[in-house]
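Spelled out, the chains give:
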Amino acid sequence: MTSSSANSVKSTVIRTQPLLGTFIEIRASGASRERVDRAITRAFAAVSRVQRVMSPHQHDSDIARLNRAPLGTRVRVHPWTARVLRAAQSLSRASDGVFDVTVNTWLRRPAADLRQDAAATPVTDWRAIVVGPGATIRRLSDVRVDLGGIAKGFAVDRAIDALRRAGVTHAVVNAGGDLRVLGRTSERVLVRHPANPAVIIPLLDLTDGAVCTSANYLDAPGHERLRRPDGRALAADHHSISVCAPSCMIADALTKIVAAIGVRESRALLERHRASALVLSRNGRMIASDPASHAA
Amino acid sequence: MRAIWLLTPAALAASTSGHATTYLSVAEAQHVLFPGAACSPVALSLTPDQRAAIEHASGAHNGPALEVWRVAGGGWFVVDRVIGKHEYITYAVGLDANGAIRGVEILDYRESYGGEVRHKPWRTQFIGKTSHDALQLGRDIKNISGATLSCRHVTEGVKRIVATYDLVLRQLG
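The present account deals with the structure reproduced in this document. (Residues numbered from 1 in each chain as written. Chains lettered and ligands numbered in written order. Predicted model: local features only at pLDDT ≥ 70, side-chain atom pairs only at ≥ 80, totals over all residues. Heavy atoms only, no water.)

## Some points on the overall build of chain A
If you tally the helices and strands in chain A, you get eight helices and 14 strands. Evaluated residue by residue, chain A yields a buried proportion of 62% over its 296 residues. Restricting the contact set of chain A to residue pairs at least 6 apart, pairs at least 24 apart contribute 60%. Here chain A displays about 11,700 Å² of accessible surface, and carbon together with sulfur accounts for 49% of that area. (Helix = DSSP H or I, 4+ residues; strand = E, 2+ residues; numbered from the N terminus. Buried < 20%, exposed > 50% of the residue type's maximum accessible area, 1.4 Å probe, protein only. Contact = heavy atoms within 4.5 Å. Areas by Shrake-Rupley, 256 points an atom, 1.4 Å probe, with all protein chains shown as cover.)

Structure, rendered in structure tokens:
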């Protein structure tokens, strides 16, 4: 996803760092180059902190410690980790387990592996993760947590927060598929065409909110990263799924739910979060959650 | 929040392709990674032995010559360019006085097609890495399906820079 703007202010800076498994691009405007640079550095530091505490690949992260802690043991985590897990649990409850941070690693496996393991039941149970008081978490059964479906959006929210606190009036934080706009100026957000990723098309005009896009089109057939909780591939024509919401964390997570159960089934949950979705198929077919917001 | 979806069947036909972004100039990246510190260029000419040692230590093939600056007060600033399947990426790495990675900033990014690197999971934990932490594809860094080449080249580039510090820059102290 990329975005463009015709906004003109005193000083606009655009920087990119490799973080969270992607390139995080931050474009921010403010009173002076010096101030904007400082703000962006703080925003990258916030993203970096999210990576440090939530990456399952980093040995000393909260998530890695939780995943290897003995069952029942309270693991003290960063307040941000507890916050993301609480939000994830709430979405799991509301979606009846469609969103489940304990299934993620299993979901990422290629379809061929899943077929070979047809006998093995995936270990998934969001209820086995308990977020306790004082930012402590414990596992009641041997499930693994992977916040890949929600933490990137949260990191974008923290970056936006850092920019706002540092006095930035307008900014876009783009973490690949997760993007959030700060300020009153509208940003045009673009997306790749699922039938031809080299083609970029306009998706929406967004002010002070987030949009996340998940897509299968770059994955080889049978190796799609987006899967339903039962391991099956998505609906045949759900090739690019975008959700906009006030917070990027919510948009990120809702994108996974819409991908799994479709726009119509997700409508109530979308509305509860002041979110809306748009699904695009390779042949150009579109399904919007809220036809009224789908203005030309 | 205010959001207006724009997609219409007509919009699908009207499209653009490929793009390039310049994020920072060399001077801007120096200022970002080492605020207020003077950076002086160092002519780095490696002997064949050094090049072989760097290649051996990093497991990465030598690419184009690195551009290196010495930072007043300690540290190094290095610029490298990697060529992926569909894109060129120029990036800068700041190393502190002990050779630990202080930050990685992308200077410019040009894509002819794809841009998988931009929006595919690509796990990097560069911050705080030294040469003792082997950066390995598949372990430290998640592969990008369909864009393995560009991912590998960026990863190797960072490894090569860390090895160059260990074997050459550290001695220049």
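## Comments concerning unusual backbone geometry
All names here are of chain A. The phi angle at Asp96 is positive, at roughly 55°, despite the residue not being glycine. Structurally, Asp96 can be placed in the loop between helix H3 (79-94) and helix H4 (104-107). Among the residues examined, Asp96 registers a relative accessible area of 66% and is labelled exposed. At Arg274, a position not held by glycine, the phi torsion is positive, near 50°.

## Some words on the sheet that holds strand E6 (residues 136-139) of chain A
Residue and element names in this part refer to chain A. Reading across the sheet, the three strands line up as E4-E6-E5 and stay open at both edges, with antiparallel pairing between neighbours. Unpaired on one side and paired on the other, strand E4 (75-76) and strand E5 (129-132) mark the two borders of the sheet. For E5 and E6, the ladder comprises four bridges, and the chain directions are antiparallel. Bridge pairing in E6 links Val130 to Arg138. (Pairing = 2+ DSSP bridges.)

## Some words on the nonpolar core
Within the largest apolar cluster, 74 residues are counted, with the highest numbers of intra-cluster contacts made by Ile24, Met54, Leu85, Leu147, Ile150, Leu163 and Leu254 of chain A. The element best represented in this core is helix H1 (residues 33-54) of chain A, accounting for ten residues. When sequence neighbours within four positions are dropped, the list of residues in contact with Leu147 of chain A reads Met54, Ile63, Val84, Leu85 and Val101 of chain A. Counting 38 residues, the second-largest nonpolar core is a separate cluster that includes Ile14 of chain A together with Ile101, Ile106 and Leu107 of chain B. (Core = buried A, V, L, I, M, F, W, Y, C linked by side-chain atoms within 4.5 Å.)

## Describing the pairing of strand E5 (residues 67-71) of chain B
All names here are of chain B. Here strand E4 (residues 39-42) pairs with E5 via four bridges, running antiparallel. When the sheet's bridge partners are listed, Val42 is paired in E5 with Val68. Sheet topology places E5 next to strand E6 (residues 76-83); four bridges connect them, and they run antiparallel. Considered in E6, the bridge of Val68 is made with Val78. Joining the antiparallel neighbours E5 and E6 is a turn of four residues, in which Gly73 adopts a positive phi near 90°.

## As for the environment of Asp205 of chain A
Its place among the elements puts Asp205 of chain A in strand E10 (residues 196-207). Separated by 184 residues in the primary sequence, Asp205 of chain A and Gly21 of chain A have C-alpha atoms spaced 27 Å apart. If sequence neighbours within four positions are ignored, Asp205 of chain A has contacts with Ser186, Glu187 and Arg188 of chain A together with Arg2, Ala3, Ile4 and Leu6 of chain B. One polar contact links Asp205 of chain A to Arg188 of chain A, side chain to side chain, over a distance of 2.9 Å. (Polar contact = N/O pair within 3.5 Å; in protein donor to acceptor, adjacent residues only side chain to side chain.)

## Things to note about the pattern of salt bridges
Overall, the coordinates contain 17 salt bridges over all chains when judged by the stated rule. Among the ionic pairs, Arg15 of chain A bridges to Asp37 of chain A, the shortest N-O distance being 3.1 Å. Here Asp37 of chain A lies in helix H1 and Arg15 of chain A lies in strand E2 (residues 11-19), a separation of 22 residues in the sequence. For the pair formed by Arg15 of chain A and Asp37 of chain A, the shared burial category is buried. The salt bridge involving Arg15 of chain A is made with Glu105 of chain B; its shortest N-O contact spans 2.7 Å. In this pair, Arg15 of chain A sits in strand E2 while Glu105 of chain B sits in strand E8 (residues 101-111), so the two residues belong to two different chains. Of the residues examined, Arg15 of chain A reaches a relative accessible area of 1% and is grouped as buried. (Salt bridge = Lys/Arg side-chain N within 4 Å of Asp/Glu carboxyl O.)

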